Amino acid sequence: MSRFSPIIESFLNTTRESAMSFDPATEVQDFLAFGEFGGVNPSITDSSTYTFLNPEKMEELFDHEIEGCFLYSRHVNPSAKYLADALARMEGGEAAQVMGSGMAAIACTLMQLCSAGDHIVSSRTIYGGSYALMKNLLPRWGITTSFVDATDLDKVRAAITDTTKAIYVETLSNPLLEVNDIKELAALAREHDLKLVVDNTFTPMIFSPLKQGADIVVHSLTKFINGTSDCIGGAVIAGKEFIASLMDINCGPSMLLGPVLDSFRASSILKNLHSLHIRMKKHGENAMFLSKHLKEKGLDIHYPGLPDHPGHALMNATRNDSYGFGGILTLDAGNVERAGQLMNLMQQRKVGYLAVSLGYFKTLFSAPGHSTSSEIPDEEQKAMGLTDGLIRISIGLDNEIHRTAVTIDGCLKDAGLI
Ligand code: PLP
């Protein structure tokens, strides 16, 4: 006899026509998980441990994974598994593991790929925490990293050594918004038998790196995917074998370092994931409007949706085209004092919050050189073009972006920028 009610059975047995081509939003929409009593949301598992019918079954699970059987919530819990399965579908991957933060996802991935003596080639323009992990922490376990301009494939190729195990990039980099050519980087990684790890935090749904040949995608769920700035979370999406290796009870970093995502949070992030496609479109629409508007005022604006952005053509050719060019733009105010003055005014006049992070429904802004990228030494910031006066703006879901633009104009005037 089926363990499901007739209505759930009918859902499960109905096949829908598949989309002609891969669409992340359709994949998320088609992800169905029912609650214990047929609820439209899966039940939240409020348990750290799980019963077994007999000792033999428990022993069997310690030997190998058994579909639908759970052991202990640091390994995986059902609520986390629902979110992981939905994210795997969104990225077009075989499997996923969710974790307590984006940094946990990145650290566990790199620790699983590399051992003492191994080497990583990383883009030099990445989130400051990821940079600090590779530059300062991983060397303590004998793992070293060369940081290069990853938009220049020759530089990436030249940095590869006999001990290199992985290439690490962000699809759209934090904070300089460089666009990386995932297809070309994946080909280079294959040529040298390396794994290409891509942080897709800035561009969920916009880019599908696994579909372009990347081996592993990592996300900070804290940003756009959750979208409500109320929790920290992360995810790794990859082949089944790699995900199983992360969770291995004897030597997997996610099992042994233990950065689990709580089941209540996993459940709330899953609900937010279902509106991600609409939010990404709106963030992109607002960012495009503001970028054009501010550019016309003669300001130094970087946004990959603008034709003069160095990565515009590449992004246009490689993105999933219904989701825009992302919700982040940068404005160079010239120096740190001007940047501070402008951000103060924007906060006082309710454009948004002076805060780190991004992907929130309200606008957030900060000067990365003095905050989220401060881990990167000054001379390296200079070399990569990260200036003192650069402001990163994560545009919110403002319904009247024209009105926001008028308020920003007033702030720019009073800060002496126009
Ligand atoms: N990756 C990127 C691109 C980020 O911007 C961040 C945080 O700002 C992270 C990873 C780290 O994520 P978390 O704060 O969830 O650990």
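Let us look at the structure shown here. (Residues numbered from 1 in each chain as written. Predicted model: local features only at pLDDT ≥ 70, side-chain atom pairs only at ≥ 80, totals over all residues. Heavy atoms only, no water.)

## Focus: helix 12 (residues 276-296)
Part 1 of the reasoning: Along its 21 residues, helix 12 runs 30 Å from first to last C-alpha, staying within 8% of the 30 Å computed at 1.5 Å per residue.
Part 2 of the reasoning: What helix 12 keeps buried is the set Leu276, Arg279, Met280, His283, Gly284, Asn286, Ala287, Met288, Leu290, Ser291, His293 and Leu294.
Part 3 of the reasoning: Lining the buried residues of helix 12 we find helix 4 (78-91), helix 11 (263-273), strand 8 (300-302), strand 9 (328-332) and helix 16 (401-414).
Part 4 of the reasoning: The first or second residue beyond helix 12 is Gly298, which carries a positive phi of 90°. (Helix = DSSP H or I, 4+ residues; strand = E, 2+ residues; numbered from the N terminus. Expected span 1.5 Å × (residues − 1). Buried < 20%, exposed > 50% of the residue type's maximum accessible area, 1.4 Å probe, protein only. Contact = heavy atoms within 4.5 Å.)

## Some details on the packing of aromatic side chains
Part 1 of the reasoning: Across all of its chains, the model carries three aromatic pairs by this definition.
Part 2 of the reasoning: On the numbers, 4.5 Å between centres and 35° between planes, the contact of Tyr131 with Phe147 is tilted. Of this pair, Tyr131 sits in helix 6 (residues 128-137) while Phe147 sits in strand 3 (residues 144-148), and the two are 16 residues apart along the sequence.
Part 3 of the reasoning: For Tyr131, a relative accessible area of 1% corresponds to the buried category. (Phe/Tyr/Trp six-rings, centres within 6.5 Å; stacked < 30°, edge-to-face > 60°.)

## Quick word on a nonpolar patch on the surface
Part 1 of the reasoning: Taken together, the side chains of Met111, Leu137, Trp141 and Leu257 define a hydrophobic patch exposed on the protein surface, amounting to about 370 Å² of accessible area.
Part 2 of the reasoning: By secondary structure assignment, the location of Met111 is in helix 5 (residues 102-113). (Patch = residues over 30% accessible without salt bridge, like charges linked within 9 Å, V, L, I, M, F, W, Y side chains within 5 Å. Areas by Shrake-Rupley, 256 points an atom, 1.4 Å probe, with all protein chains shown as cover. Salt bridge = Lys/Arg side-chain N within 4 Å of Asp/Glu carboxyl O.)

## Quick notes on the site of the ligand
Part 1 of the reasoning: Every one of the 15 residues lining the ligand counts as a neighbour, but Met103, Asp199, Ser220, Thr222 and Lys223 are closest to it.
Part 2 of the reasoning: In the model, an oxygen atom of the ligand is placed 2.9 Å from a nitrogen or oxygen of the Asn174 side chain.
Part 3 of the reasoning: Between Thr222 and the ligand, the recorded distance is 2.6 Å, taken from a side-chain N or O atom to an oxygen atom.
Part 4 of the reasoning: Taking 390 Å² as the accessible area of the ligand by itself, protein coverage stands at 93%.
Part 5 of the reasoning: Among the elements that make up the shell around the ligand, the one with the highest residue count is helix 5 (three residues).
Part 6 of the reasoning: Taken together, the residues of the shell around the ligand break down into five nonpolar, seven polar and three charged. (Near = heavy atom within 4 Å. Polar contact = N/O pair within 3.5 Å; in protein donor to acceptor, adjacent residues only side chain to side chain. Nonpolar A, V, L, I, M, F, W, Y, C, P; charged D, E, K, R; others polar.)

## A few points about the pairing of strand 4 (residues 164-170)
Part 1 of the reasoning: Among the seven residues in strand 4, six count as buried, and that is most of the element.
Part 2 of the reasoning: For strand 4 and strand 5 (residues 195-199), the ladder comprises five bridges, and the chain directions are parallel. Counted as the bridge partner of Glu170 is Asp199 from strand 5. (Pairing = 2+ DSSP bridges.)

## Observations regarding the environment of Asn226
Part 1 of the reasoning: With respect to the helices, strands and loops of the structure, Asn226 is situated in the loop between strand 6 (216-220) and strand 7 (234-238).
Part 2 of the reasoning: Residues Asn226 and His274, spaced 48 residues apart in sequence, show a C-alpha to C-alpha distance of 9.7 Å.

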